Amino acid sequence: MKLSDPFGRHHQKQESNYSSFCQSLKDANIDSREKTQQLLESTRQRVLISALITVASVGATKLFFPMLTAMMLVFAGVILLWLLTTALHSRRFLMRYMEEEFKNDHE
């Protein structure tokens, strides 16, 4: 029994999320290590582009509407935190998927 998750609810939720994630990958025909690696790379690029757009939006707001800068910084912080969290979860799930589904494949 873990003190941080005494009833295993968090673990069950993570496993449920991972199962639906795997099913989504299979439905999208991600059936090889190479396709999974490409998805991992494209996900990273999309996160970086989204982060740059967020930062550019804050810069534009500061330039054109200086009174809204503080509010935009808060929103940008929340968006960047969400992007980081989502990217980390996606990366972890993709790495696990590659390990479990393609463990017999060699690079």
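Remember, predicted model here, so these are calculated numbers, not experimental data. (Residues numbered from 1 in each chain as written. Predicted model: local features only at pLDDT ≥ 70, side-chain atom pairs only at ≥ 80, totals over all residues. Heavy atoms only, no water.)

1. Examining the packing of helix α2 (residues 33-64) against helix α3 (residues 69-101)
- Put simply, α2 and α3 touch, their axes get as near as 10 Å, and they point 175 degrees apart. In terms of axis orientation, α2 runs roughly antiparallel to α3.
- Looking at side-chain class alone, the contact of α2 with α3 contains 16 nonpolar, nine polar and three charged residues. (Axes fitted to C-alpha atoms, helices over the stretch in contact; angles between N-to-C directions. Helix = DSSP H or I, 4+ residues; strand = E, 2+ residues; numbered from the N terminus. Parallel < 35°, antiparallel > 145°, perpendicular 65-115°, else oblique. Nonpolar A, V, L, I, M, F, W, Y, C, P; charged D, E, K, R; others polar.)

2. Quick look at the layout of surface pockets
- Volume-wise, the largest pocket comes out at about 280 Å³.
- As for the largest pocket, its lining consists of 14 residues, of which T43, R44, V47, A87 and R91 are closest to the centre.
- Among the elements of the structure, α2 and α3 are those that each provide at least two residues to the lining of the largest pocket.
- At eight residues, the largest contribution of residues to the lining of the largest pocket is made by α2.
- Class assignment of the residues belonging to the lining of the largest pocket gives a composition of nine nonpolar, two polar and three charged. (1 Å grid on protein atoms, 1.4 Å probe; cavity = no way out; pocket = protein on both sides within 12 Å on 5 of 7 lines; lining within 4 Å. Points joined across faces, edges and corners; volume = space filled by probe spheres on them.)

3. Regarding α3
- Over its 33 residues, α3 extends 46 Å from the first C-alpha to the last, a length consistent with the 48 Å expected when each residue adds 1.5 Å.
- If you check which residues of α3 are buried, you get T69, A76, L83, S90, F93, L94, Y97 and M98.
- If you follow the buried residues of α3, they end up packed against α1 (9-27) and α2. (Expected span 1.5 Å × (residues − 1). Buried < 20%, exposed > 50% of the residue type's maximum accessible area, 1.4 Å probe, protein only. Contact = heavy atoms within 4.5 Å.)

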